[in-house]
Amino acid sequence: MLKIGVLGAGHLGKIHLRLLNQSPKYELVGFYDPDSNNADKVAAEYGYRKFDSVTALIEAVDVVDIVTPTLSHYDCAKEAITAGKHVFLEKPISNTVEEAEEIITLAKQHNVKGQVGHVERFNPAFIATKNMIQNPMFIETHRLAEFNPRGTDVPVVLDLMIHDIDVILSVVKSKVKNIHASGVSVISDTPDIANARIEFENGCVANLTSSRISLKNMRKSRFFQKDAYISVDFLDKVCEVVKMKDAPETPGDFDMILQNAEGIKKQIYFENPEVQANNAILDELETFADAINNNTDPVVTLQDGTEALRVAYRVIDCFKK
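The shown structure was predicted, so the numbers you read here are calculated from the model rather than taken from an experiment. (Residues numbered from 1 in each chain as written. Predicted model: local features only at pLDDT ≥ 70, side-chain atom pairs only at ≥ 80, totals over all residues. Heavy atoms only, no water.)

Participant: Report on the pairing of strand S8 (residues 193-200), specifying residues and quantitative values.
Facilitator: In the sheet, strand S7 (residues 176-184) pairs with S8 via 8 bridges, with the strands oriented antiparallel. Paired with valine 176 across the strands is phenylalanine 200, a residue of S8. The turn linking S8 back onto strand S9 (residues 205-211) is made up of 4 residues, and glycine 203 within it adopts a positive phi angle of 100°. (Pairing = 2+ DSSP bridges. Helix = DSSP H or I, 4+ residues; strand = E, 2+ residues; numbered from the N terminus.)

Right, dumping it as structure tokens:
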């Protein structure tokens, strides 16, 4: 059983603490939070061991779960990795691409593993459909959220859109060719709503919209590929797969048949993949334990997190033009 400690006991940090405490794959040693009042409250309320410093916690564990504000990810990860500890980093991996690349280099030097918390990779609706997403050529995503002051210290691209960027990069096996984007600051100092068009070398185009000033929450992605349309609702955890195949010679009474201008007939049929309920955060943490124990690559590698961050900053750079 791997000994793990959590850096950061804010909203998400407390969720990680609770899940790690019940996981059979980890022994939760304790946590550190720089806010002494919050740390005392969490320790008293939940009974977790409170450490007095980052260094003390790192020395006591095998794995460090970094759930601190993004600005401190690099410093926390550097100290943990140079001490020979595996690191789980909440998304985004770090504040800058240069920091992220340094984290990758350090992890290789010290022979430790790292995973980035792009939790939508573990969303059951995406898991149910990801093997069906084959060479998509057009992707459309909408990630809309009601306003929440927490997280407005970074652009909406790093707060919300980066989730969809990571998912798209995981299914499009091609390099990014061009990016066009626009963003608007409405109530924050950084953009609150943004749209990006990402063009890949293989011809795939992804159109992403993210907003944190919406009147309703939405997290939907649609993947269009030859003879198939796949819809994934990350919020409601449902999916829809619509496929086309050559129509039979003698269609049944209830078959849905389309005929194009050239007279070619296609049959439309629906597949309903089974969506198995899970706890995505627990799954991402436990698959990291599996990667460590089995010496395999994590599901979301440090390289994956870095590429998502690199594309996110290319989107942000478009706002300045």
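Participant: Kindly report on the packing of aromatic side chains, identifying the contributing residues and their values.
Facilitator: Applying the stated criterion across every chain, the model contains 5 aromatic pairs. Ring geometry for phenylalanine 224 versus tyrosine 229: centroids 4.9 Å apart, planes at 40°, classification tilted. One aromatic cluster in this structure is built from Phe138, Phe224 and Tyr229. Here the basic side chain of arginine 143 rests over the ring of phenylalanine 234, its NZ or CZ set 5.7 Å away from the ring centre. (Phe/Tyr/Trp six-rings, centres within 6.5 Å; stacked < 30°, edge-to-face > 60°. Lys NZ or Arg CZ within 6 Å of the ring centre and 35° of its normal.)

Participant: Can you explain the packing of helix H1 (residues 11-22) against helix H8 (residues 280-294)? Please cite residues and give values.
Facilitator: Running from N to C, H1 and H8 point in directions that differ by 65°, and their axes come no closer than 10 Å. The orientation of H1 with respect to H8, classified from their angle, is roughly perpendicular. H1 and H8 meet at a crossing whose hand is right-handed. Facing Leu12, Ile15, His16, Leu19 and Leu20 of H1, the residues of H8 in contact are Ile281, Leu282, Glu284 and Leu285. The residue inventory of the contact of H1 with H8, partitioned by class, reads 7 nonpolar, 1 polar and 1 charged. (Axes fitted to C-alpha atoms, helices over the stretch in contact; angles between N-to-C directions. Parallel < 35°, antiparallel > 145°, perpendicular 65-115°, else oblique. Left-handed = near helix turned anticlockwise from the far one by under 90°. Contact = heavy atoms within 4.5 Å. Nonpolar A, V, L, I, M, F, W, Y, C, P; charged D, E, K, R; others polar.)

Participant: An account of the sheet that holds strand S5 (residues 114-117) is requested, with residue identities and associated values reported.
Facilitator: Reading across the sheet, the 5 strands line up as S2-S1-S3-S4-S5 and stay open at both edges, with parallel pairing between neighbours. Of all strands in the sheet, those bounded by a partner on one side alone are strand S2 (26-32) and S5. On average, each strand axis in the sheet is tilted by 20° relative to the strand beside it, whichever way the strands run. Taken together, the 6 bridges between strand S1 (residues 2-7) and S2 define a ladder with parallel strand orientation. Bridge pairing in S2 places lysine 3 opposite glutamate 27. Contacts between helix H4 (residues 73-82) and the sheet are confined to S1, strand S3 (63-66) and strand S4 (86-90), with S4 contributing the most and set at about 170° to the helix.

Participant: Could you give me a rundown of unusual backbone geometry, with the residues and numbers involved?
Facilitator: For residues that are not glycine, phi is negative in most cases, and the peptide bond is trans in most cases. Residue proline 92 is reached from lysine 91 by a cis peptide bond, and omega for that bond is -15°. With respect to the secondary-structure elements, proline 92 resides in the loop between S4 and helix H5 (97-109). Look at asparagine 295: it is not a glycine, yet its phi comes out positive at around 55°. Tracing the backbone through its elements, the reader meets asparagine 295 in the loop between H8 and helix H9 (302-319). Accessibility expressed as a relative area gives 61% for asparagine 295, which makes it exposed. (Buried < 20%, exposed > 50% of the residue type's maximum accessible area, 1.4 Å probe, protein only.)

Participant: Lay out the environment of glutamate 45 in plain terms, naming residues and giving numbers.
Facilitator: Here glutamate 45 is to be found in helix H2 (residues 36-46). The exposed category is assigned to glutamate 45, whose relative accessible area is 52%. Measuring from C-alpha to C-alpha, the distance between glutamate 45 and valine 154 comes to 31 Å, with 109 residues separating the pair along the chain. Reaching out from glutamate 45, the side chain makes a polar contact with the side chain of tyrosine 46 at a distance of 3.5 Å. (Polar contact = N/O pair within 3.5 Å; in protein donor to acceptor, adjacent residues only side chain to side chain.)

Participant: Report on the pattern of salt bridges, specifying residues and quantitative values.
Facilitator: Enumeration according to the criterion identifies 14 salt bridges in this entry. Close ionic contact of aspartate 304 with arginine 121 constitutes a salt bridge, the shortest N to O distance being 3.4 Å. Here aspartate 304 is found in helix H9, whereas its partner arginine 121 is found in the loop between S5 and helix H6 (124-129), with 183 residues between them in sequence. Looking at arginine 121, the relative accessible area reads 10%, which means it is buried. (Salt bridge = Lys/Arg side-chain N within 4 Å of Asp/Glu carboxyl O.)

Participant: How would you summarise the pairing of strand S6 (residues 138-144) if you had to cite specific residues and measurements?
Facilitator: Direction of pairing for S6 relative to S9: parallel, over a ladder of 7 bridges. Bridged to isoleucine 139 within S9 is alanine 206.

Participant: Now, about the nonpolar core: what can you tell me, with residues and values included?
Facilitator: Among the nonpolar cores identified, the biggest contains 94 residues, and Tyr26, Val64 and Val157 are the most heavily contacted of them. It is helix H7 (residues 156-171) that provides the largest number of residues to this core, a total of 10 residues. (Core = buried A, V, L, I, M, F, W, Y, C linked by side-chain atoms within 4.5 Å.)

Participant: Tell me about the sheet that holds S8, and please be specific about residues and values.
Facilitator: Remark on secondary structure: sheet strands pair via backbone hydrogen bonds, oriented parallel or antiparallel. Ordered by their spatial adjacency, 9 strands build an open sheet running S7-S8-S9-S6-S10-S11-S12-S14-S13, and the pairing between neighbours is mixed. A strand with exactly one partner marks an edge of an open sheet, and here the two such strands are S7 and strand S13 (256-259). Ignoring strand direction, the axes of neighbouring strands in this sheet form an average angle of 15°. As defined by bridge partners, S13 adjoins strand S14 (residues 265-271) across 4 bridges and the pair is classed as antiparallel. Of the residues in S14, the one forming a bridge with isoleucine 257 is glutamine 267. Against the sheet, H7 contacts S6, S7, S8, S9 and strand S10 (218-225), and its axis sits at roughly 155° relative to S9. H9 contacts S7 and S8 of the sheet and is inclined by roughly 55° relative to S7.

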